[in-house]
Amino acid sequence: MWFVGKSELLSLIERHCLDEVMPAFSDHRTVRKNATIYRPEDLSEHVYLLKTGSVRLFRLTEDGQEITLSFIKAGMLFGDGDVLNEANYSHHAQTLAPSMICYIRKADFKQLLARYDVINQFVLSSHYQRWQEAQQLIENLSLHDVRKRLTNILAMFANQIGIEFDYLGTGDAVLIDLSIPQDKLAEFIGTSRESVNRHFNDLKAEGLTAIHERKIVLTPLFVAKFLRRKIASGHAVLSTSFTARPVNGQVVKAPLARV
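For every chain, the first residue of the written sequence is number 1, and numbering continues from 1 onward in sequence order. In keeping with the predicted nature of the model, local features appear solely for residues at pLDDT of at least 70, side-chain atom pairs appear and are counted solely at 80 or more, and the whole-chain, interface and lining totals rest on all residues. Only hydrogens and water are set aside; all other atoms, that is, all heavy atoms of the structure, feed into the side-chain values.

Asks: Help me understand the packing of helix α6 (residues 182-189) against helix α7 (residues 193-205) in this model?
Replies: The relative placement of two packed helices is expressed as an angle between their axes plus a distance between the axes. At a minimum axis separation of 8 Å, α6 and α7 run at an interaxial angle of 100 degrees. Classified by the angle between their axes, α6 and α7 sit roughly perpendicular to one another. Judged by residue contacts, Gln 182, Asp 183, Leu 185, Ala 186 and Ile 189 of α6 engage Arg 193, Val 196, Asn 197 and Phe 200 from α7. For the contact of α6 with α7, the per-class residue count stands at 5 nonpolar, 2 polar and 2 charged. Fitted lines through C-alpha atoms serve as axes, helices being fitted only where they are in contact, and the angles separating the N-to-C directions of these axes extend from 0 to 180 degrees. A run of H or I in DSSP becomes a helix once it reaches four residues, and a run of E becomes a strand once it reaches two; helices and strands are each numbered from the N terminus. For classification, angles of less than 35 degrees are called roughly parallel, those exceeding 145 degrees roughly antiparallel, those between 65 and 115 degrees roughly perpendicular, and all remaining angles oblique. Here a residue-residue contact requires only that any non-hydrogen atoms of the pair lie within 4.5 Å. Charged means Asp, Glu, Lys or Arg here, nonpolar means Ala, Val, Leu, Ile, Met, Phe, Trp, Tyr, Cys or Pro, and polar covers whatever is left, Gly included.

As structure tokens, this is what we get:
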């Protein structure tokens, strides 16, 4: 039960109602770093709730290039769209760190959606946000130069896995809470490691980014230039012309309402 408050979905449910839904969230598995959770040829038999760690969702192009769709942080659901609409998953899911994942059976998840309106509404909102992010990623890769693609992907990271960070005595920076090597960053935006290194060094020289314990810091200057910033529950919630808005404008707990 310790992870209830960390889950976007479960935190919407009143505690006295949790006993009804928790049996569906009882299959917890530890997964090593860089492990494949599912791939497109796998049957979509589970929805996943990330308890700890981090996960990347991506697709492969015909020439083998990895196109990142989303980063999943602790408390988030993934794989739910394919369980509802497809026989197989439509993309790859891979852990970026040692993770603990809750496996939710397709039948149990569909039953929860059918019975409880608050879960149904949350999943619909989540799907819309993911769709927006996917469209923006496609636009980012096809329409922009490398520098713009890099600043856009950093803005997406800030929205998905960013937290407040005290930078040089101010709390106005954002720490991307995941160590991302430059070769991976290059894969995410469809360019070479050398190109990423050159542009990232330019951003650092301009005071837009920094490094803290191998993690990227977006300085107050970057935040002011590229992000419109809101703070909710101690985390950085960021929106730009590139990133989608948060699913909920505000967090409101609601009792389970049967449909």
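Asks: Whenever I open this one, α6 confuses me. Can you help?
Replies: The α-helix winds at 3.6 residues per turn, so residues separated by three or four positions along the chain end up facing the same way. Only protein chains enter the accessibility calculation, which uses a 1.4 Å probe. A residue is then buried if its area is under 20% of the maximum for its type, exposed if over 50%, and partly exposed in between. Considered for burial, the residues of α6 that qualify are Gln 182, Leu 185, Ala 186, Phe 188 and Ile 189. Down the axis of α6, the sector holding all buried residues measures 160 degrees, keeping them to one side. One or two residues past the end of α6 sits Gly 190, with phi positive at roughly 70 degrees. Starting at the helix axis, one direction is taken to each C-beta atom, and the arc is that of these directions.

Asks: For this particular structure, what's the right way to read the packing of aromatic side chains?
Replies: Two aromatic rings, taken as a pair, are described by how far apart their centres are and by the angle between their planes. The aromatic pairing rule takes the rings of Phe, Tyr and Trp, using the six-membered ring of Trp, and pairs them if the centres are within 6.5 Å, calling planes under 30 degrees apart stacked, those over 60 edge-to-face and the rest tilted. For the coordinates displayed, the defined rule picks out 8 aromatic pairs. Taking the centre distance of 4.8 Å and the plane angle of 80 degrees together, the rings of Phe 71 and Phe 157 count as edge-to-face. Placement of Phe 71 in strand β5 (residues 66-73) and of Phe 157 in helix α5 (residues 146-161) is noted, with a sequence separation of 86 residues between them. Using a relative accessible area of 0% as the deciding quantity, one classes Phe 157 as buried. By the ring-pair criterion, three or more aromatic residues cluster together here, those being Tyr 38, Tyr 48, Phe 78, Tyr 89 and Tyr 103.

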